[in-house]
Amino acid sequence: MICELCGKNVTFCKKVTIEGVQLEVCSECAKFGIESKKAPEKKAGPTPVITQRLEIREKKSRPKDVLEGVGKEELVEDFAVRIRNARSSKGISQKDLAMKINERQTVLSKIETGQMRPDDKVIRKLEKELGVKLREKVVDTQIAKGMSTSALTLADLIRMQKD
Ligand SMILES: [Zn+2]
């Protein structure tokens, strides 16, 4: 073997690191370097077991995420109709209802024509006063999309670490 440092032909070379470079050198030159550990360790990615467990964990955690999405209450799209119908079935005027919920009639008028979305406070007052549900638990499609995106990202990450 030829020493990579001095070029001497020797029977035995030592693997050493000299100034960050790994070289096979003779015993003389080995003094200048730090003796390397055996074969450089392969960068260990997650073992199949870890990957499997991650996937299981991901599956387990998903229903909870879905429930969180479902738990989100949003104003129904036909809130204007619901309010109008509920009010007229109770036989009270817009003015009376506005007074009961402590809002201006013009505001209520805009809500009933769908020109304005009532805020949470007004929604609650209207629900209580009219006895209707104006909010619904919805599965936000955006949330669902976001979920699958993040799942993909995690899968990609695992794949990257494997390579
Ligand atoms: Zn040498």
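Note: the structure precedes this text.
Residues numbered from 1 in each chain as written. Predicted model: local features only at pLDDT ≥ 70, side-chain atom pairs only at ≥ 80, totals over all residues. Heavy atoms only, no water.

A. Structural view of the packing of helix α3 (residues 79-90) against helix α5 (residues 105-112). Interhelical geometry of α3 versus α5 gives an angle of 120 degrees and a closest axis separation of 7 Å. Between α3, through Phe79, Ala80, Ile83, Arg84 and Arg87, and α5, the contact on the second element is made entirely by Leu108, Ile111 and Glu112. Residue composition of the contact of α3 with α5, grouped by class: five nonpolar, no polar and three charged. (Axes fitted to C-alpha atoms, helices over the stretch in contact; angles between N-to-C directions. Helix = DSSP H or I, 4+ residues; strand = E, 2+ residues; numbered from the N terminus. Contact = heavy atoms within 4.5 Å. Nonpolar A, V, L, I, M, F, W, Y, C, P; charged D, E, K, R; others polar.)

B. Just the coordination of the zinc ion, in detail. The coordination sphere of the zinc ion contains the protein donors Cys3 (SG), Cys6 (SG), Cys26 (SG) and Cys29 (SG), at a distance range of 2.2 to 2.4 Å. In this structure, the zinc ion is coordinated by four donor atoms arranged in tetrahedral fashion, with angles at the metal of 101 to 117 degrees. Looking at cysteine 26, the relative accessible area reads 2%, which means it is buried. (Donors = N, O, S within 2.8 Å, 3.2 Å for Na, K, Ca; no water. Tetrahedral: all angles 85-135°; square planar, octahedral: opposite > 155°, others 65-115°. Buried < 20%, exposed > 50% of the residue type's maximum accessible area, 1.4 Å probe, protein only.)

C. Focus on unusual backbone geometry. Even without being glycine, glutamate 19 reaches a positive phi, approximately 50 degrees. Mapped onto the secondary structure, glutamate 19 falls in the loop between β1 (14-18) and β2 (21-25). Look at glutamate 19 and you get exposed, because its relative accessible area is 78%. With a phi close to 65 degrees, asparagine 102 is a non-glycine residue in the positive phi region.

D. Molecular detail of α5. Taken together, the buried positions of α5 are Val107, Leu108, Ile111 and Glu112. Each buried residue of α5 sits inside an arc of 130 degrees when the element is viewed along its axis, so together they form one side. Where α5 is buried, its residues meet α3, α4 (94-100) and α6 (120-130). Directly after α5, the chain includes glycine 114, whose backbone phi takes a positive value near 75 degrees. (Arc of directions from axis to C-beta.)

E. Focus on the packing of α3 against α6. Their axes nearest at 10 Å, the elements α3 and α6 cross at an angle of 35 degrees. α3 and α6 meet at a crossing whose hand is left-handed. Side by side, α3 and α6 meet where Ile83, Ala86, Arg87 and Lys90 of the first sit next to Leu126, Glu129 and Leu130 of the second. Classifying every residue of the contact of α3 with α6 by side-chain character gives four nonpolar, no polar and three charged. (Left-handed = near helix turned anticlockwise from the far one by under 90°.)

F. Focus on α3. Along its twelve residues, α3 runs 16 Å from first to last C-alpha, staying within 8% of the 16 Å computed at 1.5 Å per residue. Restricting attention to buried positions, one finds in α3 the residues Phe79, Ala80, Ile83, Ala86 and Arg87. With its buried residues spanning 145 degrees around the axis, α3 presents them on a single face. Counted as exposed and oriented over 90 degrees from the buried face of α3: Ser88 and Ser89. (Expected span 1.5 Å × (residues − 1).)

G. Examining the sheet that holds strand β3 (residues 34-35) more closely. The three strands lie next to each other as β2-β1-β3, forming an open sheet whose pairing is antiparallel. If you trace the sheet from one side to the other, it starts and ends with β2 and β3, each paired once. Judged from the two bridges that link them, β1 and β3 form a sheet pairing that is antiparallel. Across the sheet, residue threonine 17 finds its bridge partner in β3, namely isoleucine 34. (Pairing = 2+ DSSP bridges.)

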